[in-house]
Amino acid sequence: MGLIPGAQVKLIKYAPLGDPMELRINGYALTLRLADAAKITVAQTDGLDEPVATLADDTSVRSVNPVAHPGFGETGKFHDKKQESPLPAGTTLTFALAGNQNCGKTTLFNQLTGSNQHVGNFPGVTVDRKDGQIRGHADTLVTDLPGIYSLSPYTSEEIVSREFILNENPCGIINIVDAGNIERNLYLTMQLMELDRPMVLALNMMDEVRNNGGTIRVNQMEEILGLPVVPISAAKNEGIEELVEHAVHVARFQEKPARQDFCDKNDHGGAVHRCLHGVMHLIEDHAERAGIPVRFAASRLVEGDAAIEKALGLQQNEKEMVEHIIVQMEQERGLDRNAAMADMRFSFIRKLTAQTVVKPHESKEYRRSRRIDKVLTGRWTAIPIFALVMSLVIYLSIDVLGAPLQDLLDQGIQWLAGVLDGAMERWSVSDAVRSLVVDGVFGGVGTVVSFVPIIIILFFFLSMLEDSGYMARVAFVTDKLLRKIGLSGRSIVPLLIGFGCSVPAVMATRTLPSSRDRKMTILLTPYMSCSAKIPIYAFFTSAFFPGHGGLVLVILYLSAILVGVLIALVSKLSPKKGEAAPFVMELPNYRMPGAKNVGHLLWDKTKDFLQRAFTVIFVASVVIWILQSFNWRLQLVDPEGSMLASIAGLIAPVFSPLGLGDWRIVTSLVTGFLAKESVVATMEVLDVTASMTVLTAIPMLAFCLLYTPCVAAIAAVKRELGGKWACIMVLFQCAVAWVVAWLAYLVAGIFIG
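Fair warning: this is a prediction, and the values are worked out from it, not measured in the lab.

(A) Representation of a nonpolar patch on the surface in the model. A surface patch of nonpolar side chains, amounting to about 440 Å² of accessible area, comprises L388, L392, Y395, V400 and L401. Among the secondary structure elements, L392 is positioned in helix α14 (residues 382–400). The class for L392 is partly exposed, based on a relative accessible area of 42%.

So, in structure tokens, the structure goes:
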């Protein structure tokens, strides 16, 4: 991220709660917690001019005359590239699309393939591997890798990207960089060049650089780096054809970067240069046998990569020799190994950009973002505006727009079920089959499908906030508050989504860089009361608390959040809580959300939800229907004599201390595992509400508020954390719900009598 010895940083401001801080380095904004910043030694630089770096003669870079910056589609010629025999005709040319987060990588992927992939302005949007064929080139396949800042194995995204490039051997790499933040982006470029793979460099957002008065001498950069450099604007589809032509050419003819050595032999005595080349000579045969580029292997060894060391299969004496070489370098350089390697790369980048980049003026986008941030992240305005924005999103998504559309869709589903039921009756279809279709499929899957409008509207607003860059600010503003309960500011996004639906909320945790934060956020997400529980609240409120629906709803939501906070605080006391990940995150400039991007997101989320509805929920619906329609002899019976009723009868004593010992109530809770809306439907079918009172309604609401989410959410947890943690979550949440409902029953008994 550029926080290395010698880097110049500027403190912009502190978050409204005093932590973290916003820094500006190399032209981009970063967040950093005070605890992490305290580990950095700083020196005042006011009044000092930033030194101008130039490429030294001993960097083995040819001296070239200044070259005028070409327009889109104009690239210079360079020579001396390492070229192998062209790949056989008909070979599928595979590409890895790699780049930093927020560099426009997924936008470029969409332009290349026409694929409907989500494009976001929140760091870490792309977390899965996505493949697509380049339009107009049937023999190509490009893979959109997670957005990363380096190939160091610190996060799961970095591991995914590196393992793909090393193990799946793509024919070429398309490296996209943000031309406006080129110093930061080129760090990954240098590591990719060390992989010795055919590669093309795409300078994205060149239109913004040009509009802000800057330029990049592309031809000169090509000469220095020894690979094709193409200026593009992925958002405006400029330069894409030229990029594809270069990518296909270098992949087909296996033209690898002409440069992999970025050391300056005269810089600080050439300690890093001697160290790297010493290690390279020592491990050359091992790297060849392991199929790992020797320069990349040496760099990773110096930076302490245990996976590369294991893959090389070094003997103990060789490991000791490598360590002696590295320690000697650290002593000569006066920096630890990681800082020395980072400084070597950034030194080259500074010298490269000094020759090839004409810095733009402070961008219009940055100035606009600063003005907006004075309000949205202001000390006194940030929290109230955030609360207002999220309240409006939830209110509009559920009450104003979502509920009417949901009712309309539900009526349509019920009408279709009635039509189909009438048709089956005319065809003399058996009662069992009719019940399966109407009660099982339409009653289960249809009820869940009716929530599609709410999910679409909720994600529409969230995607607007995400694409605009506001969600990154929300993480910045709330980090200190969430850190007190053991979470990261990044956790706020999935937690907020949890108020709409737990399934996408669990999926959204993939953006969290720490496995600890990811797991904790997933386990707390169900305590953000999802919209599927609203029918339960509405049913009991109208029946037992008429005229007080708003107050009851507020109490329920706040109670669920409070329980989640208490559980998080208790978990912080665990000795195995793990190490918190540093809150180092880029704050992108505000941008107008693209209608196409938002549409892609809504389609993806809707498609994913419907796929789950017609797979996991369909199976669960059929199972629940069988259990509540047949007895143990597989005879069709009324619900009172069903297998589900007998199972509920066995469980009922557990709920007796809560005042909920009626087997019919327990049956409705069991069906709630399928979908929370089924609780109300089952209670109406079994006619249990007539026997309930306010005293029993209170613990019923408390239990429904907190017990395990629906089967679709459980499936999502299983996908993210595995079956073990899914089972743990189900049992733990049921236990918490039982305890809270019991306490609610006792307290209600005191006041109601």
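And the narrative resumes.
(B) Representation of helix α7 (residues 240–252) in the model. The terminal C-alpha atoms of α7, which comprises 13 residues, lie 18 Å apart, in line with the 18 Å expected from a rise of 1.5 Å per residue. Of the residues making up α7, those classed as buried are I240, E242, L243, V244, H246, A247, V248, V250 and A251. Following α7 by one or two positions, Q254 adopts a phi angle in the positive range, close to 50 degrees.

(C) Up close: unusual backbone geometry. Cis rather than trans, the peptide bond between D19 and P20 has omega equal to 5 degrees. Inspection of the secondary structure puts P20 in the loop between β1 (9–14) and β2 (21–25). In this model, N169 sits at a positive phi of 45 degrees, which is unusual for a non-glycine residue. Note on N169: relative accessible area 46%, which makes it partly exposed. A positive phi is found at D196, a non-glycine position, where the angle reads about 60 degrees. Summarising the element assignment, D196 is placed in the loop between α4 (182–194) and β9 (199–204).

(D) Geometry of the pattern of salt bridges. Summed over all chains, the structure comprises 26 salt bridges. Salt-bridge contacts for D144 lead to K105; the nearest nitrogen and oxygen are separated by 2.8 Å. A residue pair is termed long-range when its members are at least 10 positions apart, and D144 in strand β7 (residues 140–144) and K105 in helix α2 (residues 105–113) qualify at 39 residues. Given the relative accessible area of 4%, K105 is considered buried. With a shortest N-O distance of 3.2 Å, D305 and R300 are connected by a salt bridge. Neither residue differs from the other here; D305 and R300 are each classed as buried. Shared partners join several salt bridges into a network, and the residues in it are E194, D261, R295, R300, E303, D305 and R345.

Conventions we followed
Residues numbered from 1 in each chain as written. Predicted model: local features only at pLDDT ≥ 70, side-chain atom pairs only at ≥ 80, totals over all residues. Heavy atoms only, no water. Patch = residues over 30% accessible without salt bridge, like charges linked within 9 Å, V, L, I, M, F, W, Y side chains within 5 Å. Areas by Shrake-Rupley, 256 points an atom, 1.4 Å probe, with all protein chains shown as cover. Salt bridge = Lys/Arg side-chain N within 4 Å of Asp/Glu carboxyl O. Helix = DSSP H or I, 4+ residues; strand = E, 2+ residues; numbered from the N terminus. Buried < 20%, exposed > 50% of the residue type's maximum accessible area, 1.4 Å probe, protein only. Expected span 1.5 Å × (residues − 1).

Function cannot be read off these values alone, since they describe shape.
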